[in-house]
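# What the coordinates show
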Protein chains: 2
Amino acid sequence: MTQLLLASRNAKKLAELRRILAGAGVEVLGLDEVAPYPESPETGATFEDNAVAKAREAVAATGLPSVADDSGISVDALNGMPGVLSARWAGRAKNDAANLNLVLEQLTDIPDERRTARFVCATALVLPDTTEIIVRGEWPGSLVRGPRGTNGFGYDPIFLPDGETRTSAELTAAEKDAVSHRGRALRLLLPHLKALSHA
Amino acid sequence: MTQLLLASRNAKKLAELRRILAGAGVEVLGLDEVAPYPESPETGATFEDNAVAKAREAVAATGLPSVADDSGISVDALNGMPGVLSARWAGRAKNDAANLNLVLEQLTDIPDERRTARFVCATALVLPDTTEIIVRGEWPGSLVRGPRGTNGFGYDPIFLPDGETRTSAELTAAEKDAVSHRGRALRLLLPHLKALSHA
C-alpha cells in the first residue's frame, strides 16, 4: 500500500487524515512512526512558506510523499497578524490564553465593524519527484470581546464564524471540521492525496 | 498675531513647534492653554485618520487653526503593526518597556534581514474654513535584538535607523529631530504653517 507521511505529532490530525483517506489505498504515518530527523523552526513569512518547508524537509528525511500544514488567525485590524506568529503572539513562553488575551487587549478600542478576522490553513503535499501542491483554506468571521466555549484550542474561544451565533470553541469537533480552514484545505488537497495510490 | 493650536499636552512638542515657527508671526498654543473640551479616543485605522480627527476636533472646539499628529512604529515582519496601536501594543495598562519587549519576543525567530521597520508620523493641519493638509514623515531602519540607549521614548531603544550604528535612543534630541519621522513631517508642513500669518 502507498505510504504517506503527515509531518505532525498531533494525534487528532493523524486520526482525521486516516479517516478521510480510509479505503483510498493510502497508509498514513505520523512523525512518531518514522526515524527521527532534525526539524527546523517555522520562520517563514507566510503559512504557505512554513507548510511547504515542513513537507520538503519530511520528504528529504524519509523519501515518503509528505503532507504538512501551518495555520493561524489573521485579524484585519492587526493587518493580518498574528498570522504565522499565532502560536507565539504573546511570546515564546506564553500559552493559548495569553495569546488570546493579548489580541483582545490590542483590539479593545476597535469598534465591532472592524473586528473581522479569518482562520487560515495552508497545507502542502510534496512528492519525492519534487512535485509540490499547496492549498489554502480560510474560515471568515469576527472576534468577540470575551472568550466563550471550551472546545478546540488557540483562538477558538474568541472567533465567531460568519453566520454563527456560537464561537468556534462552542462548536463540536465535527461541526468545526465541516466548515473550518483546516477542513477546507484538506478537502482541496483530497483529490491529490487519493491520486497517490494510483501513481 | 495669528494663533495656531497644537492639539497636544506634550511640552517638548510645543517647544519644538514654537522654535520652528519663531519669527513667522504665528503664536502657538497648546491644549493646556485653551478651554478644555472632551477629547475622543484614537480609534482610526491609520495614523492619518487619527491625526486629522484630532485636528478637526480641536478646530470644532476652539475655532483656531489646529495641528495634530499621530505616530508609531511599523514593523515589516508584523505586516506594519504595531502601527496605530504602538502605544498600547502590550495592552492598555502596559508601558513602553512592555510594548518594546513584546515586539522583541514576537520577532525572536525572525532573521536579521527581515527585521526592517520604520517610524511613521502623520501630521494634520486643519483650518476653520475646513481646509485640511495632511503630511507623512517616515524614518526607515531595523530592529536590534536588545534595547540600547536611554534617550527618547517608546521604541527608540530597539530602532536602528538606516545608515546608523546607534539606536535612536542613543542619538541626541537634536540629532533625532534632524532626521526623524516627526521632523520630516513637520518640515513638510512648515510652508503651510508659515502661510497662516499671511492668510
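What you see is a predicted model; the values in this text were computed from it and never measured.

## Notes on the relation of the copies chain A and chain B
- If you rotate chain A by 180° and push it 0.0 Å along the axis, it lands on chain B with an RMSD of 0.0 Å. Classification of the inter-copy transformation places it as that of a two-fold axis. For chain A, the minimum C-alpha distance to the rotation axis belongs to N79 of chain A and amounts to 2.9 Å.
- A high fraction, 100%, of the interface residues of chain A reappear at the interface in chain B, so the copies pair face to face through one surface.

## Focus on the sheet that holds strand β1 (residues 2–6) of chain B
All names here are of chain B.
- Within the open sheet, the six strands sit side by side as β2-β1-β3-β4-β5-β6. Their pairing is mixed. At either margin of the open sheet sits one strand with a lone partner, and together these are β2 (26–30) and β6 (159–161). Here the average twist between neighbouring strands, direction ignored, is 35°.
- Direction of pairing for β1 relative to β2: parallel, over a ladder of five bridges. What sits directly across from L5, in β2, is L29.
- Across the sheet, helix α2 (residues 47–62) touches β1, β3 (66–75), β4 (116–126) and β5 (132–143), and the angle it forms with β3 is around 160°.

## Here we look at the packing of helix α1 (residues 11–20) of chain B against helix α5 (residues 181–195) of chain B
Residue and element names in this part refer to chain B.
- Interhelical geometry of α1 versus α5 gives an angle of 45° and a closest axis separation of 11 Å. By the criterion of interaxial angle, the relationship of α1 to α5 is oblique. Where α1 crosses over α5, the handedness of that crossing is right-handed. Contacts between α1 and α5 involve K13, E16, L17 and I20 from the former and R182, L186, L190 and L193 from the latter.
- Residue composition of the contact of α1 with α5, by class: five nonpolar, no polar and three charged.

## Brief notes about the UniProt feature "binding site: Mg(2+)" (unreviewed entry) in chain A
Residues and elements named next belong to chain A.
- The UniProt record annotates "binding site: Mg(2+)" (unreviewed entry) at D70.
- Along the chain, D70 falls in strand β3 (residues 66–75).
- Beyond its immediate chain neighbours, meaning those up to four positions away, D70 contacts E42, F47, N50, A51, V84, V120, C121 and A122.

## Quick word on the UniProt feature "active site" (unreviewed entry) in chain A
- Sequence positions flagged by UniProt for "active site" (unreviewed entry) are, in local numbering, D70 of chain A.
- A polar contact of 3.0 Å, which involves the side chain of D70 of chain A, links it to the side chain of N50 of chain A.

## A word on the interface of chain A and chain B
- Between chain A and chain B, the contact holds 21 residues from the first and 21 residues from the second.
- For the pair chain A and chain B, the two sides together bury roughly 1900 Å², of which 52% comes from carbon and sulfur.
- If you sort the residues of chain A by the area they bury against chain B, R92, Q106 and D109 of chain A come out on top, with a joint share of 27%.
- The interface formed by chain A and chain B holds four salt bridges in total.
- Ionic pairing is found between D109 of chain A and R92 of chain B, a salt bridge with its closest N-O pair at 2.5 Å.

## A look at the side chain of D156 of chain B
- The residue D156 of chain B is located in the loop between β5 and β6 in this model.
- When near neighbours in sequence (up to four residues on either side) are disregarded, D156 of chain B contacts F119, N151, T167, S168, A169 and K176 of chain B.

About the thresholds
- Residues numbered from 1 in each chain as written.
- Chains lettered and ligands numbered in written order.
- Predicted model: local features only at pLDDT ≥ 70, side-chain atom pairs only at ≥ 80, totals over all residues.
- Heavy atoms only, no water.
- Least-squares fit on C-alpha atoms with pLDDT ≥ 70 in both.
- Contact = heavy atoms within 4.5 Å.
- Pairing = 2+ DSSP bridges.
- Helix = DSSP H or I, 4+ residues; strand = E, 2+ residues; numbered from the N terminus.
- Axes fitted to C-alpha atoms, helices over the stretch in contact; angles between N-to-C directions.
- Parallel < 35°, antiparallel > 145°, perpendicular 65-115°, else oblique.
- Left-handed = near helix turned anticlockwise from the far one by under 90°.
- Nonpolar A, V, L, I, M, F, W, Y, C, P; charged D, E, K, R; others polar.
- UniProt positions renumbered as here; feature names shortened; annotations may be inferred.
- Polar contact = N/O pair within 3.5 Å; in protein donor to acceptor, adjacent residues only side chain to side chain.
- Buried area = accessible area lost by both parts, 1.4 Å probe.
- Salt bridge = Lys/Arg side-chain N within 4 Å of Asp/Glu carboxyl O.

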